[in-house]
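# Summary of the model geometry
Each chain, written out:
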Amino acid sequence: MSKMDRIMVKGKPFLSLGGQSHNSSSYVLGKMGPTFRAIHAVGGNTLATPIPWDRFEPEEGTFDRKFVTDLIDEARRQNIRLSFLWFATWKNGTMQYCPAWVKRDPARFQRCLQKDGTPIHQLSAHSRENLTADKKAFCELIRVIKEYDAQEQTVIAVQIENEAGIQGGTRRDFSELGQKAFESAVPGELIRYCEENPESVLAGIWSGNGRKKNAPWAETFGYYGAEAVTAYAIANYIDEICAAGKEIYPDLFMYLNVWMGGGVRGAGQNLAGMDWPSGCATIHNLDIYYAVLRHIDTIAPDNYQAGLFRHREVTDAYAHPEKGYPLFVPESGARGVNLGQMFYAFGEKKAIGYHIFGVESCLNPDFETPNEGGQEALKNFTMLQNVSSILFDYQDRGKVRSAVQEDGEDGIVLSGFDGGWQMRVLFHPNTAGDWLSGDFRHRIRDRASAGQERPRNARALIFQESEKVFYFVGEQVRVTIEKIPPIDGSIPNHYMNASLMNTNAEIVSVTEGHFDENGSYVTDLVRSGDEARHATWLRWDVGVVRVEMV
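Description of the structure in this document. (Residues numbered from 1 in each chain as written. Predicted model: local features only at pLDDT ≥ 70, side-chain atom pairs only at ≥ 80, totals over all residues. Heavy atoms only, no water.)

### Describing the environment of alanine 532
Positionally, alanine 532 belongs in the loop between strand 21 (521-527) and strand 22 (536-538). Spatially, the C-alpha atom of alanine 532 lies 45 Å from that of methionine 260, the residues being 272 residues apart in sequence. (Helix = DSSP H or I, 4+ residues; strand = E, 2+ residues; numbered from the N terminus.)

Next up, the structure:
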């Protein structure tokens, strides 16, 4: 059973752009009007929404198939794809969405225990009874999806659990089952992983503790052993559920999502079980998941990081298509640094999809029109959908780049393009003359005010079709294209005057257009004269800009 490197719809890769509903939105379909309106308002094509275990199996063995099929029917009416979120054993590191018949029977469905024996609101990953009940319900969900939707493929993905881990004031389960696991020898597959991946984080911890074999977790990994045994149990638990689901519907993309830890800089008290669910597939636990997982299509980070360094740390850590884990971001924010870094994810890290959490919150109080965050999400999703027919191909060929404004930047210079080209990418009006560009639809009010219009999070994607042809989508960006200066050390005269950079550039044509369903470019508008002489300007609502050089 092979893993999938793309979300597929009817045999073709699908760029999933959209929003995740708030946690309890899907319980009552009749209340989901704002949810679907929000997806349309931000220009998304996918709604990610929960299938809570307690809603799907309210009594043991009794499944509400109609709950699932009604959601599918409404999504079809709305022309929206669905990603279902299986809220079961874990939701934010707790058992909130488990059915009442599970919660009321702790003797059968064993809880995690703290060291003093206090049970927490969390099922133990070491319990076979817990896994069996969850897997049975999940398989029934997948059967419903396949039987009702395999032809239409409204449901394009399923998230297994949510931010799985122990969020209850302990790094491991101290129950009898948990204690037995902790005192057992570390499985050989983890030791082999360390030997085969000596540069990995896990191998470094193992080496630092004496490279022991056939030893318990604390002896093998020291302080980290308590969280490591938890991560190992959870990874196996989720992968077994996924394997059972894939047996039923192998063409359905399945992933797990991650509550982020503190990363290399740390956060809070930097304690598993308090600052993040212990055992979750955080950056420092990824090696255990890599060693264990065989069926999950990707490990997907919930990236809300507000600082650029932390945001890129997460993006970089989870973008590993070479390991079989393409970058998919199932939760993020419609604000701040995420707006530009979404383009970094697609342009530099081969992202396959991106979702905004709490999509209803992207609407104004009228629950009809997008608010400021929703408007920014709309810009990004519009630009990305404009290039969706070519994005994956250009990613695979290494022919797409991103230009993303960092805090305080006026612009950057990109090089390394075929044909010896380099690009000066301006992000905001350093001077009025540097930003005098646009057309009557995108007019700068006047020279005096132009210098005050300082965009933040300016961003663009650049596609190189051939040695002389480029495509662009972007917002609040202006680009000049020039050959790298001569090797003899001279500098062309027009480099000395920014206003002449584009005037003297060897451009054949600049057009605005779109890609048809076959990925062929169609011209909608020609730019020349005043609309072209102040460099190639990019705004989110102009479609795809094509530039051909001499």
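### Looking at helix 8 (residues 201-208)
All buried positions along helix 8 are accounted for by Leu202, Ala203 and Trp206. Along helix 8, the residues classed as buried sweep out an arc of 95 degrees about the axis, all on the same side. Where the residues of helix 8 are buried, they touch helix 7 (188-196), helix 9 (217-221) and helix 11 (286-292). Positive phi appears at glycine 210, one or two residues downstream of helix 8, with a value of about 95 degrees. (Buried < 20%, exposed > 50% of the residue type's maximum accessible area, 1.4 Å probe, protein only. Arc of directions from axis to C-beta. Contact = heavy atoms within 4.5 Å.)

### What to know about the packing of helix 5 (residues 128-149) against helix 10 (residues 225-248)
Helix 10 packs onto helix 5 with a crossing angle of 30 degrees between their chain directions and a minimal axis gap of 9 Å. Between helix 5 and helix 10, the angle is such that the two are roughly parallel. Between helix 5 and helix 10 lies a crossing whose hand is right-handed. Residues Arg128, Asn130, Leu131, Asp134, Lys135, Phe138, Cys139, Ile142, Arg143 and Lys146 of helix 5 form the contact with helix 10, whose own contacting residues are Tyr237, Glu240, Ile241, Ala244, Gly245 and Ile248. Looking at side-chain class alone, the contact of helix 5 with helix 10 contains eight nonpolar, two polar and six charged residues. (Axes fitted to C-alpha atoms, helices over the stretch in contact; angles between N-to-C directions. Parallel < 35°, antiparallel > 145°, perpendicular 65-115°, else oblique. Left-handed = near helix turned anticlockwise from the far one by under 90°. Nonpolar A, V, L, I, M, F, W, Y, C, P; charged D, E, K, R; others polar.)

### Concerning the packing of helix 13 (residues 337-348) against helix 14 (residues 372-386)
It is at 10 Å that the axes of helix 13 and helix 14 come closest, and there the two elements cross at 20 degrees. In terms of orientation, helix 13 lies roughly parallel with respect to helix 14. Handedness of the helix 13/helix 14 crossing: right-handed. Each of Leu339, Met342, Phe343 and Phe346 in helix 13 lies in contact with helix 14, whose residues at this interface are Glu376, Ala377, Asn380, Phe381, Met383 and Leu384. Classifying every residue of the contact of helix 13 with helix 14 by side-chain character gives eight nonpolar, one polar and one charged.

### Comments concerning empty space enclosed by the protein
Applying the stated criterion to the full structure yields one cavity of 30 Å³ or more. The space that makes up the largest cavity amounts to roughly 50 Å³. Lining the largest cavity we find Trp90, Cys112, Leu123, Ala125, His126, Ile166, Asp173, Thr230, Ala233 and Ile234. With three residues, the single largest contributor to the lining of the largest cavity is helix 10. For the lining of the largest cavity, the per-class residue count stands at seven nonpolar, two polar and one charged. (1 Å grid on protein atoms, 1.4 Å probe; cavity = no way out; pocket = protein on both sides within 12 Å on 5 of 7 lines; lining within 4 Å. Points joined across faces, edges and corners; volume = space filled by probe spheres on them.)

### Here we look at the pattern of salt bridges
Tallying each qualifying case throughout the model produces 30 salt bridges. For aspartate 297, the salt bridge is made with lysine 246, and the minimal N-O distance between the two is 2.6 Å. In this pair, aspartate 297 sits in the loop between helix 11 and strand 10 (298-303) while lysine 246 sits in helix 10, placing the two residues 51 residues apart along the sequence. Exposure class is identical for aspartate 297 and lysine 246. Each is buried. (Salt bridge = Lys/Arg side-chain N within 4 Å of Asp/Glu carboxyl O.)

### As for the nonpolar core
Among the nonpolar cores identified, the biggest contains 140 residues, and Phe84 and Ile299 are the most heavily contacted of them. The leading source of residues in this core is helix 10, at 14 residues. When residues no more than four places from it in sequence are discounted, the contact partners of isoleucine 299 are Leu256, Val258, Ala281, Leu286, Tyr289, Tyr290, Leu293, Tyr318 and Tyr325. The next biggest cluster of nonpolar side chains, apart from the first, holds 22 residues, and it includes Trp421, Met423, Val510 and Trp537. (Core = buried A, V, L, I, M, F, W, Y, C linked by side-chain atoms within 4.5 Å.)

### Quick notes on helix 13
An ideal rise of 1.5 Å per residue puts 16 Å on twelve residues; helix 13 measures up with 16 Å between its terminal C-alpha atoms. Along helix 13, eleven of the twelve residues are buried, which leaves the element largely enclosed by surrounding structure. If you check which residues of helix 13 are buried, you get Val337, Asn338, Leu339, Gly340, Gln341, Met342, Phe343, Tyr344, Ala345, Phe346 and Gly347. Within two residues after helix 13, lysine 350 carries a phi angle of roughly 55 degrees, on the positive side. (Expected span 1.5 Å × (residues − 1).)

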